[in-house]
Amino acid sequence: MTRRKYDLTRLLVAILALLVLTACGSDDEEATPTPTKTPVPAQVESAPAPTDTPVPVAAAQQPTTAPVAQPVFGVINATELNVRSGPGTSFDILRSAPEGQRFELIALSEDGTWAQLAENGAPVGWTAVEFLTVEGDLATVGGSASAASQPVANNQPAAPSANGSYLDASMSSPDFGGQAFLWWREEVAHRDLELMKDSGFNWVKQAFAWETIEGAGKGVYDWSISDRVVAQANESGLKLLARLSSDPDKANFWPGQPPGNAGHFADYVFALASRYNCGPTSVGCIQAFQIWNEPNLAREWGGNRPNPAEYVQFLGQAYAAIKRANPNAVVISAGMAPTGDDSAIAMPDDKFYEQMYQAMGGSSNGYFDALGVHGAGFAAPPELDPATAAADQKYGGYRFFAFRHVEDIRNIMVRYGDTNKKIVILEFGWTYDSVNGAYKWHGADAGIDMFVQADYLKRAYQYAAANWQPWIGVMSLLTMPNLDWLNDGNPADEEQYWWAIMEPSAVNELKWRPAIIELCIYFNGVSGQKCKYDPN
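Residues numbered from 1 in each chain as written. Predicted model: local features only at pLDDT ≥ 70, side-chain atom pairs only at ≥ 80, totals over all residues. Heavy atoms only, no water.

Caption draft 1: Fine view of the overall build of the protein chain. Broken down by element type, the protein chain carries 12 helices and 15 strands. In the protein chain, which comprises 536 residues, the proportion classed as buried is 57%. Restricting the contact set of the protein chain to residue pairs at least 6 apart, pairs at least 24 apart contribute 73%. Looking at the protein chain as shown, the accessible area adds up to about 21,200 Å², and 50% of this sits on carbon and sulfur atoms. (Helix = DSSP H or I, 4+ residues; strand = E, 2+ residues; numbered from the N terminus. Buried < 20%, exposed > 50% of the residue type's maximum accessible area, 1.4 Å probe, protein only. Contact = heavy atoms within 4.5 Å. Areas by Shrake-Rupley, 256 points an atom, 1.4 Å probe, with all protein chains shown as cover.)

Structural data, given as structure tokens:
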């Protein structure tokens, strides 16, 4: 490949110079988007064909709000009816509903002329009662004081947003996103958000670890850091994708582990989505939410055998909670770990997705708006056919060792008729690790250095633009750096260090890697702009 000529003064600093920095750390570590520890090919077991029988669902934790004993339904009796964000024609149109479509009615406006509609328990908007054929006793439907309109319990008063106007949750195909570490250092967060915006990113992904916000007990929320992070993201002009999960190593966290903590988790995500629901009087705006992380691993599922049907139930409760708080938010299912192990501790991602669709009855409505996928490239270039990766041991010997394994997951969606929803790649990238044994086989040992990493990342976005439109949404790469990697004076022993698109740098310095420069040039070029960091 032809390598771009970089200004030596800047690039050699990025490649060779590392400063031993003293960081102002915290006793708590931010939940980090660590790539799942990847198997050495020789140890990977083949994935059996998906079964037709969904895994039985364990008894679910009951939600904190009592279910309606006798649900009331409404059938659209107009040719096509607008569904709006509130009870009146002055509210935004969210979608249209055709004649004959049936919804549950979960709330009425104060004057009783508008009804709030729901699908699979998740609110979808409001429409006029006169255009509904009502099934059941309308008098039993609750008033307009639904959960979505109630104030959120918190320890600090909710302040209105600075500008009252936020970016919407729409996604280009593909859209440019990346993970960042914004939680503990305000000044570094500001610098990195500015770098991402200038480089042409449109989305930033940040972990909102459950235990850092509601760690003190049920309903006791500490919004101090999350308010600042959301405000910084909103002010940067980037859209915010929040990963909602908890650290599986926090064994004594009060809600317990999944799937038994589903009700508490739904309450947490409702509080979070309500506080940052993008409204004119909200504290801030989170445009999209990722629900949990890699539930196809027992480690992320309370030590239990991965169970797609249990995760679907967990996901559905979270989806309904978020939609009560903000019907316009995008809910994304968890990305799955790449693995060929099918045992008590793991399940292959394609099998997990297949059984998710079986558990959803073939329809994802009421569960997610976009399917989350992980798409690490391992030792293969981004254009490599997964069949080649499966046939050639140098690439790993299985289809999931190719970036284009994303297409295998898309084929599952197509098979179940779910073609109108996008895939969001929640994690992807290439490491050039030369130190850590579980990663170096598909990093430095596979001939990947920082220049190859830069080239592969750019080519991944180019391949998606040429082949995956319109169904590909945000592609969130690994990763902006974390200054904590420098704490022990040796960042190279931290495997995430080798995935990063920049060197970890103090706020008053910038240590470039080729990846961020190449992406800056490409992203800006797509919109006809120039990269301000291009040394040429």
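Structure shown, so let's carry the discussion forward.
Caption draft 2: How the structure looks around the nonpolar core. Counting 109 residues, the largest nonpolar core has F208, I291 and Y311 as the members making the most contacts within it. When sequence neighbours within four positions are dropped, the list of residues in contact with Y311 reads I291, W292, P295, W301, S333, A334, M336, F352 and M356. The next biggest cluster of nonpolar side chains, apart from the first, holds 15 residues, and it includes F400, A402, Y439 and W441. (Core = buried A, V, L, I, M, F, W, Y, C linked by side-chain atoms within 4.5 Å.)

Caption draft 3: Seen up close, the packing of aromatic side chains. A complete count under the given rule lists 43 aromatic pairs for this structure. Relative to W468, the ring of Y463 has its centre 5.6 Å away and its plane inclined at 85°; by these criteria the two rings are edge-to-face. You'll find Y463 and W468 in the same group, each marked buried. Within the aromatic cluster, the residues linked to one another by ring pairs are F176, F201, F403, F428, W430, Y456, Y461, Y463, W468, W471, Y522 and F523. In this arrangement the basic side chain of R324 is found over the ring face of F270, its NZ or CZ atom lying 5.0 Å from the centre. Directly above the ring of Y497 sits R513, whose terminal nitrogen or CZ lies 4.5 Å from the centroid. (Phe/Tyr/Trp six-rings, centres within 6.5 Å; stacked < 30°, edge-to-face > 60°. Lys NZ or Arg CZ within 6 Å of the ring centre and 35° of its normal.)

Caption draft 4: How the structure looks around the packing of helix α11 (residues 450-467) against helix α12 (residues 514-526). Here α11 crosses α12 at 30°, and the two axes come no closer than 8 Å. Between α11 and α12, the interaxial angle falls into the category roughly parallel. In the crossing of α11 with α12, the sense of the turn from one axis to the other is right-handed. Taken together, the residues of α12 that come into contact with α11 (itself represented by M450, F451, Q453, A454, L457, K458, Y461, Q462 and A465) are P514, A515, E518, L519, Y522 and F523. (Axes fitted to C-alpha atoms, helices over the stretch in contact; angles between N-to-C directions. Parallel < 35°, antiparallel > 145°, perpendicular 65-115°, else oblique. Left-handed = near helix turned anticlockwise from the far one by under 90°.)

Caption draft 5: The arrangement of helix α2 (residues 186-199) in detail. Helix length check: α2, at 14 residues, gives a terminal C-alpha distance of 20 Å against a target of 20 Å (1.5 Å per residue), a fit within 8%. Where α2 is buried, its residues contact β8 (175-179), β9 (203-207), α4 (224-236) and α12. Downstream of α2 by one or two residues, G200 has phi in the positive range, about 100°. (Expected span 1.5 Å × (residues − 1).)

Caption draft 6: Region of interest: the state of the cysteines. According to the stated counting rule, one finds two disulfides in the structure shown. Here C278 engages in a disulfide with C285; their sulfurs sit 2.1 Å apart. For the disulfide bridge between C278 and C285, the dihedral angle about the S-S bond is near 80°, and by the sign convention the bridge is right-handed. Disulfide partner of C520: C531, at an S-S distance of 2.0 Å. Here the S-S torsion is close to 105°, and the disulfide linking C520 with C531 is therefore right-handed. Here C520, found in helix α12, pairs with C531, found in the segment after α12; they are 11 residues apart in sequence, far enough to count as distant. (Disulfide = S-S within 2.5 Å.)

Caption draft 7: Region of interest: the environment of L167. In this fold, L167 is placed in the loop between β7 (132-135) and β8. Along the primary structure L167 and L240 are separated by 73 residues, whereas in three dimensions their C-alpha atoms are 9.5 Å apart. In this view, L167 contacts G237, L238, K239, C285 and Q287; residues no more than four positions away in its chain are not counted.

Caption draft 8: Just the side chain of T127, in detail. With respect to the secondary-structure elements, T127 resides in strand β6 (residues 122-128). Residue T127 is classed as buried on the basis of its relative accessible area of 1%. A polar atom in the side chain of T127 sits 3.3 Å from the backbone oxygen of N82. In this view, T127 contacts L81, N82, T113, W114, A115, L117 and L132; residues no more than four positions away in its chain are not counted. (Polar contact = N/O pair within 3.5 Å; in protein donor to acceptor, adjacent residues only side chain to side chain.)

Caption draft 9: Representation of the environment of G219 in the model. Within the element layout of this structure, G219 appears in the loop between α3 (210-213) and α4. Taking C-alpha positions, G219 is 7.9 Å from Y268, a pair spaced 49 residues apart along the chain.

Caption draft 10: Geometry of the pattern of salt bridges. Counted under the stated rule, the structure contains 19 salt bridges. Between K323 and D369 there is a salt bridge whose closest N-O contact spans 2.9 Å. In this pair, K323 is assigned in helix α6 (residues 308-325) and D369 in the loop between α7 (349-359) and β13 (370-374), connecting sequence segments 46 residues apart. Take K323: its relative accessible area is 6%, and that puts it in the buried class. Among the residues examined, D369 registers a relative accessible area of 23% and is labelled partly exposed. Residues joined in a network through salt bridges with shared partners are D249, R299 and E300. (Salt bridge = Lys/Arg side-chain N within 4 Å of Asp/Glu carboxyl O.)

Caption draft 11: Examining the environment of N365 more closely. Structurally, the position occupied by N365 is in the loop between α7 and β13. You can call N365 partly exposed: its relative accessible area is 36%. Separated by 46 residues in sequence, N365 and Y319 have C-alpha atoms that sit 9.9 Å apart. In contact with N365, other than residues within four places in its own chain, are N120 and K421. In terms of polar contacts, N365 uses its side chain to reach the side chain of K421, at 3.3 Å.

Caption draft 12: Layout of the side chain of N261. Along the chain, N261 turns up in the loop between β10 (239-244) and α5 (262-275). Within polar-contact distance, the side chain of N261 engages the backbone oxygen of G256 at 3.1 Å.

Caption draft 13: Quick look at the pairing of β6. Of all seven residues in β6, seven are buried, a share of seventy percent or more. Note: strand β5 (residues 114-119) against β6, six bridges, orientation antiparallel. By the bridge assignment, W114 is partnered in β6 with A128. Hairpin geometry of β5 and β6 is characterised by an intervening segment of two residues between the two adjacent antiparallel strands and by a positive phi of about 50° at N120. (Pairing = 2+ DSSP bridges.)

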